[in-house]
Every structure is written in C-alpha cells, then in structure tokens.
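Residue strings, one per chain:
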Amino acid sequence: MSRSSSPSFPSLSLVAVLLLCGLVLPAAFAQTSISTGSIAGTVTDASGAVLPNAKVTITGPTGQTIHASTNNAGFYSSGALIPGSYGLLIEAKGFKTAKLTVDVKVDNAANGSFKMELGSETTVVEVQGTAVQVNTEQATVQGVLTASQIENLPVNGRNFLDLAQLEPGVQIQDGQNFDPTKAGYSSISFGGRYGRTARIEVDGVDVSDETVGTTTTDIPASGIQEFAIGQASLDMSTELTSSGSVNVTTKSGTNAFHGEAFGQFRDSTVGAAALPVPAGTPAPPYQRSQYGGDFGGPVLKDKLFFFLDGERTVQNTQTPVPISYPFTSYSGTFSDPFREGNLLGRV
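Residues numbered from 1 in each chain as written. Predicted model: local features only at pLDDT ≥ 70, side-chain atom pairs only at ≥ 80, totals over all residues. Heavy atoms only, no water.

Caption draft 1: Representation of the overall build of the protein chain within the structure. Broken down by element type, the protein chain carries two helices and 21 strands. The buried share of the protein chain, taken over its 347 residues, is 39%. For the protein chain, restricting intrachain contacts to residue pairs at least 6 apart in sequence, the fraction spanning at least 24 positions comes to 62%. (Helix = DSSP H or I, 4+ residues; strand = E, 2+ residues; numbered from the N terminus. Buried < 20%, exposed > 50% of the residue type's maximum accessible area, 1.4 Å probe, protein only. Contact = heavy atoms within 4.5 Å.)

Caption draft 2: Broad picture of a nonpolar patch on the surface. A surface patch of nonpolar side chains, amounting to about 510 Å² of accessible area, comprises Val321, Ile323, Phe327, Tyr330 and Phe334. Mapped onto the fold, Tyr330 is located in the loop between strand E19 (304-321) and strand E20 (332-335). Its relative accessible area of 62% is what places Tyr330 among the exposed residues. (Patch = residues over 30% accessible without salt bridge, like charges linked within 9 Å, V, L, I, M, F, W, Y side chains within 5 Å. Areas by Shrake-Rupley, 256 points an atom, 1.4 Å probe, with all protein chains shown as cover. Salt bridge = Lys/Arg side-chain N within 4 Å of Asp/Glu carboxyl O.)

Caption draft 3: Fine view of the pattern of salt bridges. As enumerated under the stated definition, the model contains five salt bridges in all. Arg158 is the salt-bridge partner of Glu311, the closest N and O atoms lying 2.8 Å from each other. Of this pair, Glu311 sits in strand E19 while Arg158 sits in the loop between helix H2 (147-152) and strand E11 (170-174); the two residues are 153 residues apart in sequence, bridging distant segments of the chain. Accessibility expressed as a relative area gives 10% for Glu311, which makes it buried.

Caption draft 4: Region of interest: the pairing of strand E1 (residues 38-44). In terms of residue burial, E1 counts as a mostly covered element, since six of its seven residues are buried. Looking at chain direction, E1 and strand E7 (residues 109-111) are connected through three bridges and run parallel. By the bridge assignment, Ala40 is partnered in E7 with Asn111. Looking at chain direction, E1 and strand E4 (residues 75-77) are connected through three bridges and run antiparallel. When the bridges of E4 are listed, Ala40 appears paired with Ser77. For E1 and strand E8 (residues 114-115), the ladder comprises two bridges, and the chain directions are parallel. Residue pairing in the sheet places Thr44 in a bridge with Lys115 of E8. (Pairing = 2+ DSSP bridges.)

Caption draft 5: Fine view of the side chain of Ser208. Assignment of secondary structure puts Ser208 in the loop between strand E14 (205-206) and strand E15 (224-232). The class for Ser208 is buried, based on a relative accessible area of 9%. Side-chain polar atoms of Ser208 contact the backbone nitrogen of Ile200, separated by 2.8 Å. There is a polar contact of 2.9 Å between the side chain of Ser208 and the side chain of Asp206. Apart from residues no more than four positions distant in its own chain, Ser208 is found in contact with Ala198, Arg199, Ile200, Thr214, Thr215 and Thr216. (Polar contact = N/O pair within 3.5 Å; in protein donor to acceptor, adjacent residues only side chain to side chain.)

Caption draft 6: Main features of the sheet that holds strand E5 (residues 84-91). The five strands are arranged E3-E2-E5-E6-E9 in an open sheet whose pairing can be described as mixed. The strands lining the two open edges of the sheet, one partner per strand, are strand E3 (65-69) and strand E9 (124-126). Neighbouring strand axes in the sheet, compared pairwise and without regard to direction, differ in orientation by 25° on average. Of the pairings in the sheet, the one linking strand E6 (residues 97-104) to E9 comprises three bridges and is parallel in character. Residue pairing in the sheet places Lys99 in a bridge with Glu126 of E9. (Axes fitted to C-alpha atoms, helices over the stretch in contact; angles between N-to-C directions.)

Caption draft 7: Quick look at the environment of Asn71. Residue placement: Asn71 occurs in the loop between E3 and E4. Take Asn71: its relative accessible area is 38%, and that puts it in the partly exposed class. Excluding residues within four positions of it along the chain, Asn71 makes contact with Pro52 and Asn53. Polar side-chain contacts of Asn71 include one of 2.9 Å to the backbone nitrogen of Ala73.

Caption draft 8: Focus on the nonpolar core. In this structure, Ile39, Leu88, Ile90 and Met116 are the most contacted members of the largest nonpolar core, which totals 22 residues. When residues of this core are traced back to their parent elements, those giving at least two are E1, strand E2 (55-59), E5 and E6. A per-element tally of this core places E6 first, with four residues. The residues contacting Ile90, other than those within four sequence positions of it, are Val43, Lys55, Val56, Lys96, Thr97, Ala98, Leu100, Gly112, Phe114 and Met116. Membership of the second largest hydrophobic core comes to 20 residues, among which are Ala164, Ile224, Phe227 and Val248. (Core = buried A, V, L, I, M, F, W, Y, C linked by side-chain atoms within 4.5 Å.)

Right under this line is the structure:
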C-alpha cells in the first residue's frame, strides 16, 4: 500500500520566499543605497529614438567589469557601485562605439545617457566631458562633498562634519549643546531644524546617537572618500529622520599602493586668544597637535584590497575661572586637556 504526502508548510514557505526574492531583487539592484551610488541612463540615436539591446560595459576603479544592456525603452542601470570614476563603453549595431567617463557619487544615480552616432562599430568616439544636467532620477535635495574638498579646504579641528556648511541651509551644532559628554562631537542643523534628529551613516551603518544626538563615533577626516547631505524628500534607504541625513563613504584600497601623512600644530604664542578674557588679564595658554596618515593598496590584484587610516589629537588648554569682586584675587584657571585617537581599517 502506498501513501502520498502533500508538501509540508516549510517547503511551501521556502518556495514563496524564493519567488519573492526573484521579484524583489531585480528592482532593488537598480537602486542606490546609503553607502553606494549607481549609473543609469537611456541610449538613443541622433534623432532621440531609443536603442534597445545596446551593450554597456562598465569598468571600475579597481578593475572590476560590469556588463549591462538596454531594455526595450533603451534604459539600463548598473546596480550598486562604490563611489569613484568609472569608464563606460556603449556599443550598438550600426553605430559608432562610445567611450566616456562617469563619476559615481555616494547616494546618487549618475546620468549615463548618451546619443549614439551612425557609423562603423569599430570606430570609437571618446567623449571628454558632458554638459551638467539636472538629476531627474532622484527628488532629494542634496549635495556631495568629495575627498579633494576635505583634503584641501582648511578645517579648524579636522571635524569632517564642519565641511557640511558648504551646502546651503546647513549649520553645525556643538555636541555639548545636547549633552556634556559630547565634547569633540558635532551634529548638523538642516534649514534651522534641531540637529539632534539628524541621521549620520558611515558605509551603510547608522552611527547616530539616538539618546542625546550627534554621532557615536568620530571618523578620521583623511579616511573619507565623500559624503552626501540630504535635506528634503529623502528616499527609503535613509534612516528615519525629520530633518536631514549625512551619508559617508570611506576610502578603499586600489591596484596601486597609495598613502599620505600630515601634521598640524597650533600654539597660543603665535595665535589669537582661544577664549575671551577681561582686559589686563593674560590669556590662558593653549596648544594643539594633530597628526596622522593613511595607506592602502592591493592584497590580490583586482580582487582584494586594504586601507588603513589613523589620526591623533592632543590638546592642552587652560580654562579661566573668573570670580567677581571682592574676591577677584581668587580667580584662576584649571587644566582642560583633550585626547582623541581615530583609527579606521577596511578590507
């Protein structure tokens, strides 16, 4: 006597999950995330007619290659990409091959649209630059600060968030305005809104302090590749916030070894008074040293890379304690040292 059995509930659940993943993943693959960007665009001919089945080859800064093709609407998407400069090769039958470079920024969908020219496919047209275009793919009001801006613009104290003030409507708020334990930490006010609710992510990880505001960790400024500042109409990849967000991506190794070192020194003997003091009272001394460096490169070419970064801050200050008359003679200062080390490693 034989007996047949129906599929068990776990088996049906597994099938349902696999089917759901099959439906969801292609859509998710076309989106950016809070730690990556992407390239998306439409390939057309000179008249503006779309070109389906055009081949798009994308080459990344570490040698990786991504192959895509346009759909019936002439559209293609790269999927999630780490920020950097990417080379595009666009091929279509009966058209000259186009070669161009596109910069991918964190939390941005770079415009990879192109109009193809009639001609032999063996003829390569190298595009040196494209006109600045409005981003029609995203509704977020945002700006992106790059590593070159972080390295070349002077920032007193090397707090990476200070550069966010380059974007309109952004102000820095001292963490000690929220809580006395937040010395050396900052948060961002977007459009006059309170900075305690700002969300800050590093490589896709939320580092916001949800109890008192600011971040839960500082980041070495020299280890940042770029960060995006979103102020309005935030997409679903951003953590819950009523004000705005900062999405930071850190540097990574490449196929070439690269590194840098720096040192900065500040002393009261050659600088202005750090704190206002009454007339006739000598300014309290202060001294600050900041030094560090980074180094990165390949472990296995085109496959595995490493990046290390470290910064150290040593600050010695004297905080005045003024006492009013008739006990003015008891006024004085107390030592207020600050020490901080930031280490970053990435593989």
